[in-house]
Amino acid sequence: MGGRRPWNREELAVSSTDAPPAEPEAGRAGAQREVLSARNGVAAVFALNGLAIATWFARVPAAREALDLSAGGLGLLLLSMSVGSLLAMPTAGLVAQRLGTARAVLLGTALVSGGLAVAGTSAGAAGFLPGAAVGLFAFGYGAGTCDVAMNIEGTTVERRLGRTILPRFHAAWSLGSVAGAGIGAGAARVGVPIAAHLSVLAVVVLVGTLLGVRTFLPSAGTAPAGGEKAAASARRASLLAAWREPRTLLIGLLVLVMAFTEGSANDWLAVAFVDGYGLSEAAGAAVFGVFVVGMTIGRTAGTVAIDRWGRAPVLFGTILLAVVGAGLAVLAGGGPVAIVGVALWGLGASLGFPVGLSAAADQEDGAPARVSVVGVIGYTAFLGGPPLLGLLGDHVGTLRALLLVPLLLVPALALVPVLRPPAGTRSRPA
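Residues numbered from 1 in each chain as written. Predicted model: local features only at pLDDT ≥ 70, side-chain atom pairs only at ≥ 80, totals over all residues. Heavy atoms only, no water.

1. Digging into helix α8 (residues 194–212)
Reasoning step 1: Compared with the 27 Å implied by 1.5 Å per residue over 19 residues, the 27 Å span of α8 between its first and last C-alpha is a close match.
Reasoning step 2: Of the positions making up α8, those classed as buried are Ile194, Ala195, His197, Leu198, Leu201, Ala202, Val205, Gly208, Thr209 and Gly212. (Helix = DSSP H or I, 4+ residues; strand = E, 2+ residues; numbered from the N terminus. Expected span 1.5 Å × (residues − 1). Buried < 20%, exposed > 50% of the residue type's maximum accessible area, 1.4 Å probe, protein only.)

In structure tokens, the structure reads:
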């Protein structure tokens, strides 16, 4: 890790005339503690981000009812969040390099928390659709900024540790989502107003993130004194170069499909089960919780599987699981089989996004730019997915519209080989 190698006896003998051998050992121990502390902080930030996003998605049925929206109208409301995310993504990598990942994450989280509170208050307390749209736009813009920055920090920690760990950060995100879905289901069941629920969670997320980013690794993205203009030019050149790399673009296309697979469940699963199977709002939120439990299990176990068998074989298998799971969730007619399908859908969707971002960061030089590019392409699914499924749902029903997920996943299997690392960049299986 960090390019160091063990000291042998000859080196210790030579170095003893200049410095005691305990100093390098102490330095390595200090560096290890720093990385482990950063690992914990990044995991906490991912979990809090998942908590914030799941808090909104779990209360989407309540917001729809409060604003009296059709499926198409809800899709357009969700589009405001997706537009905010997509507008943030192209520059999020540059922002993270310019400010450092800790400040970029904190800035993004402030927007997420503020937008969550505004959207909840506008929808629940005021019934004001434009206010909810503005709140979701800020929510999405902050989420896009935070997503890129925390993943850049996560890939940096992964490289320093020398083993696959990014999916576990995303597992922490899913654990936060499980908590958010569970709290949302409970809040819906006991009738907690959406405005109060979302506002309280917004404060919790912001304060927790402020504590988490304090452990991040020192940023290497800030320019030296007097070199701001040259550094900014270099960052822009790196980003433009990443947009011309075929491997980066193909990874982005695969991540786009996987983001659609994950995002369609985030946006529509609770609503689809409420409309398609006649469940209550609380039961719909609980079904969404099953999905994120599946995501969490997949991301936790997936790191071991990837280090043993490699990215491409593992992702090929998980995509097949998502195809089967989404099909069962829609076509099983409800009941336990549909719930099993939701769990398989979550397992199958769990690794695509984090593995794609990890693959984009294989080469340390230019990694922030590549992660940003892949993120922009992936987030296009969050832009087009909600209105596309909403409009399709107006014609065939919200539940049936979700069959678009397996239809897109099957051809995406051809893109899986692009995840293999370039020669000489990783020692773990491809």
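2. Side note on the pattern of salt bridges
Reasoning step 1: For the coordinates displayed, the defined rule picks out 6 salt bridges.
Reasoning step 2: A salt bridge links Arg160 to Glu34, with the nearest nitrogen and oxygen atoms 3.7 Å apart. A residue pair is termed long-range when its members are at least 10 positions apart, and Arg160 in helix α6 (residues 129–161) and Glu34 in helix α2 (residues 22–58) qualify at 126 residues.
Reasoning step 3: The partly exposed category is assigned to Glu34, whose relative accessible area is 33%.
Reasoning step 4: The closest approach of N and O atoms between Asp362 and Arg247, which form a salt bridge, is 2.9 Å. Note that Asp362 is positioned in the loop between α14 (352–360) and α15 (367–396) and Arg247 in helix α10 (residues 246–277), a separation of 115 residues in sequence.
Reasoning step 5: The exposure class assigned to Asp362 is buried, which follows from its relative accessible area of 5%.
Reasoning step 6: Connected through salt bridges with shared partners, the residues Arg247, Arg311 and Asp362 form a single ionic network. (Salt bridge = Lys/Arg side-chain N within 4 Å of Asp/Glu carboxyl O.)

3. Comments concerning helix α11 (residues 281–309)
Reasoning step 1: For α11, built from 29 residues, the straight-helix expectation of 42 Å at 1.5 Å per residue is met to within 8% by its first-to-last C-alpha distance of 41 Å.
Reasoning step 2: Taken as a whole, α11 carries its principal kink of about 40° at Gly302. (Bend = angle between axes of the 7 residues up to and from the residue.)

4. Re the packing of aromatic side chains
Reasoning step 1: Applying the stated criterion to the full structure yields 4 aromatic pairs.
Reasoning step 2: With centroids separated by 4.9 Å and ring planes inclined at 75°, the aromatic side chains of Phe273 and Tyr277 adopt a geometry described as edge-to-face. Taken together, the residues span about one helical turn, with Phe273 and Tyr277 both in helix α10 at a distance of 4 residues.
Reasoning step 3: Taking the relative accessible area as the measure of exposure, Tyr277 reaches 21% and is therefore partly exposed. (Phe/Tyr/Trp six-rings, centres within 6.5 Å; stacked < 30°, edge-to-face > 60°.)

5. Looking at unusual backbone geometry
Reasoning step 1: The phi angle at Asp68 is positive, at roughly 55°, despite the residue not being glycine.
Reasoning step 2: Looking at the secondary structure, you find Asp68 in the loop between α3 (60–67) and α4 (71–99).
Reasoning step 3: By relative accessible area, which is 69% here, Asp68 ends up exposed.

6. Quick word on the packing of helix α5 (residues 101–126) against α8
Reasoning step 1: Contact pair α5 / α8: the axes reach a minimum separation of 7 Å and the direction vectors enclose 170°. The orientation of α5 with respect to α8, classified from their angle, is roughly antiparallel. Residues Val105, Leu106, Thr109, Ala110, Ser113, Leu116, Ala117, Gly120, Thr121, Gly124 and Ala125 of α5 lie in contact with α8, whose contacting residues are Ile194, Ala195, Leu198, Ser199, Ala202, Val205, Leu206, Thr209 and Leu210.
Reasoning step 2: Of the residues in the contact of α5 with α8, the class split is 13 nonpolar, 7 polar and no charged. (Axes fitted to C-alpha atoms, helices over the stretch in contact; angles between N-to-C directions. Parallel < 35°, antiparallel > 145°, perpendicular 65-115°, else oblique. Contact = heavy atoms within 4.5 Å. Nonpolar A, V, L, I, M, F, W, Y, C, P; charged D, E, K, R; others polar.)

7. What about the environment of Trp243?
Reasoning step 1: Here Trp243 shows up in the loop between α9 (228–242) and α10.
Reasoning step 2: Spatially, the C-alpha atom of Trp243 lies 7.9 Å from that of Arg370, the residues being 127 residues apart in sequence.
Reasoning step 3: Trp243 has contacts with Leu249, Val373, Val376 and Ile377, leaving out every residue within four places of it along the chain.

8. Overview of the side chain of His170
Reasoning step 1: Along the chain, the position of His170 falls in helix α7 (residues 166–190).
Reasoning step 2: Residue classification places His170 among the buried residues on the basis of a relative accessible area of 4%.
Reasoning step 3: Residues contacting His170, with those up to four places away along its chain left out, are Phe46, Asn151, Arg299, Phe353, Pro354 and Leu357.

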